[in-house]
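One-letter residues, chain by chain:
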Amino acid sequence: MATTAAEHRLLIDGDWIETGDWLEVRSPYSGDVVGRVAKAAKGETKRAIDAAERAMREPLPAHKRAEILVKVAGGLGRRHDEVARVISDEAGKPMKAARVEARRAMSTFTFAAVEARKLAGEMVPMDAAQAGEGKLAFTLRVPIGIVGAITPFNFPCNLVAHKLAPSLAAGCAVVLKPASQTPLSSLLLAELMEEAGLPAGWLNVVAGKPSEIGDVLIEDDRVAALTFTGSGDVGWKLKERAPRKKVNLELGNATPAIVCSDAPDFTVDRLAANAFSFAGQSCISVQRIYVMDGAWDDFVAEFVPKVEALKLGDPADEETDVGPVIDAGARERILEWVRASGGELLTGGETTEEGLIRPTVIANPSPDDKVQCEEVFGPVVTLTRTRSLDEAIELANSTRYGLQAAIFTGDLHPALEAAQRLEFGGVMINEAPTFRSDQMPYGGVKASGNTREGPAYAVRELTEERLVVIQL
Ligand code: NAP
């Protein structure tokens, strides 16, 4: 049941403003309006950049930044139920998963606070070269400048936290454009940051038409870095259009897992749960499972009933495992990809009376089927019978994506071989490829992106080294 149909203003320069125009946020499950958000356009985005510029003229010391970040983590803890409910309402994310996301956001802010306190450059060994004799040198880590942050719908709290918290830790002011379908969690985070003592201008939130806001962020030279999480189509174009800015991209994946004949007993449970949590709408949701010949029959016999036992329904219900996908357009696209696949449909492939896609398992589709080589971003998983580790690795690598992958095996050798040969930003061994703990370096290769998040890594991306040389 939707609980928040309130009107929400935007935070610009420390003021909560209306714009006369409203964005309606609807529950992907019921279609009810769960909130209205003031809609920004070019003018508000420019004002937000002006405010960020003014804020950065008076840098906040690291201890103050750390203190604010810790207080936000505390606020997320105190208001846990509310945060999880807002995530669930606007994204249609089952409460189980929304609670995990809300807790992870606490972790993200906490780790960012540590990074704020640790931020330092390094000594340069000057007398290692003759030219450096008699000199002392070190680097300072200085904030890169104003950060333009653009975020997707699927983790409306924690992925926003992964932009805001490291930016503040690095000493950068932010102009945030949240996803139009899920701006409420961002505004709640902004409220928590303000309550924690963040001065005016350090965080500005502009929800609204993406191309208008995006154009201002791209064209304004005062925005030094764009940090984007979302689809490759949008992300790579942003990078092309902003050649003089730092553009950090966290993009999609078609996530593979390899199951060897000696895989541990928990493999099936891990993979079934992580293929369908939030209806597969995670960039590292299990999508392609390559099962070795010897394990195939048992794996299929165990996996399909596990998938069929997942509870579909209202995301507000604490027992629900699988809820809706974000909108009708996504639902139609996913079903179309399933229908177009030449593989054998083992379960699912249809919708419930409420319009939810039943968790779908397809066996042995062709490598060119979209469900196999593109990012499904829905409750669909493919199982492919493979004859050797070489074949499984080759197939796992045969997409344009490279975010995270996994192998399940009882033997160290195939595990380490896969770790070396899988072309992904992260390889999990005996853990789902969906695993992420928020301090990890997280990010992709190939079409999946060009950066690493996790506060320590994001802070590195959002600061620059300045060399200081002293003649003694
Ligand atoms: P999306 O459609 O690319 O949208 C992402 C953000 O970009 C939204 O805020 C969107 O605004 C904005 N946007 C769209 N067009 C724009 C433009 N021309 N200029 C500036 N901004 C623009 O992605 P999504 O559907 O929300 O998210 C799903 C995708 O995100 C998947 O591909 C998933 O794999 C990826 N993802 C990656 C990671 C990761 O860490 N690697 C994590 C989560 C998700 P509107 O909402 O207003 O359209």
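Rules behind the numbers
Residues numbered from 1 in each chain as written. Predicted model: local features only at pLDDT ≥ 70, side-chain atom pairs only at ≥ 80, totals over all residues. Heavy atoms only, no water. Salt bridge = Lys/Arg side-chain N within 4 Å of Asp/Glu carboxyl O. Helix = DSSP H or I, 4+ residues; strand = E, 2+ residues; numbered from the N terminus. Buried < 20%, exposed > 50% of the residue type's maximum accessible area, 1.4 Å probe, protein only. 1 Å grid on protein atoms, 1.4 Å probe; cavity = no way out; pocket = protein on both sides within 12 Å on 5 of 7 lines; lining within 4 Å. Points joined across faces, edges and corners; volume = space filled by probe spheres on them. Nonpolar A, V, L, I, M, F, W, Y, C, P; charged D, E, K, R; others polar.

Quick look at the pattern of salt bridges
- With the rule as written, the count across this model stands at 38 salt bridges.
- A salt bridge links glutamate 67 to lysine 71, with the shortest nitrogen-to-oxygen separation between them at 3.9 Å. Here the residue glutamate 67 and the residue lysine 71 both occupy positions in helix α2 (residues 62-78), the gap between them amounting to 4 residues, near one helical turn.
- Overall, glutamate 67 belongs to the partly exposed group, its relative accessible area being 33%.
- Salt-bridge contacts for arginine 99 lead to aspartate 81; the nearest nitrogen and oxygen are separated by 2.7 Å. One end of the pair, arginine 99, is in helix α4 (residues 95-118); the other, aspartate 81, is in helix α3 (residues 80-91), with 18 residues separating them in the sequence.
- By relative accessible area, which is 47% here, aspartate 81 ends up partly exposed.

Here's the deal with the layout of surface pockets
- By volume, the largest pocket amounts to about 1100 Å³.
- Along the wall of the largest pocket there are 40 residues; nearest its centre are Phe228, Gly230, Ser231, Gly232 and Val234.
- Elements with a minimum of two residues in the lining of the largest pocket: α7 (210-219), β11 (223-229), α8 (232-241) and α11 (328-340).
- Of all the elements, α8 adds the most residues to the lining of the largest pocket, at 6 residues.
- Within this model, the second largest pocket holds a volume of roughly 690 Å³.
- As for the second largest pocket, its lining consists of 34 residues, and the residues nearest its centre are Val100, Phe155, Asn274, Ser277 and Thr434.
- At the level of elements, α4, α5 (158-170) and α9 (267-276) are the ones that each hand at least two residues to the lining of the second largest pocket.
- Sort the elements by how many residues they give to the lining of the second largest pocket and α4 lands first, with 5 residues.
- Among the residues forming the lining of the second largest pocket, the class breakdown is 17 nonpolar, 7 polar and 10 charged.

These figures come from the coordinates and say nothing about function on their own.
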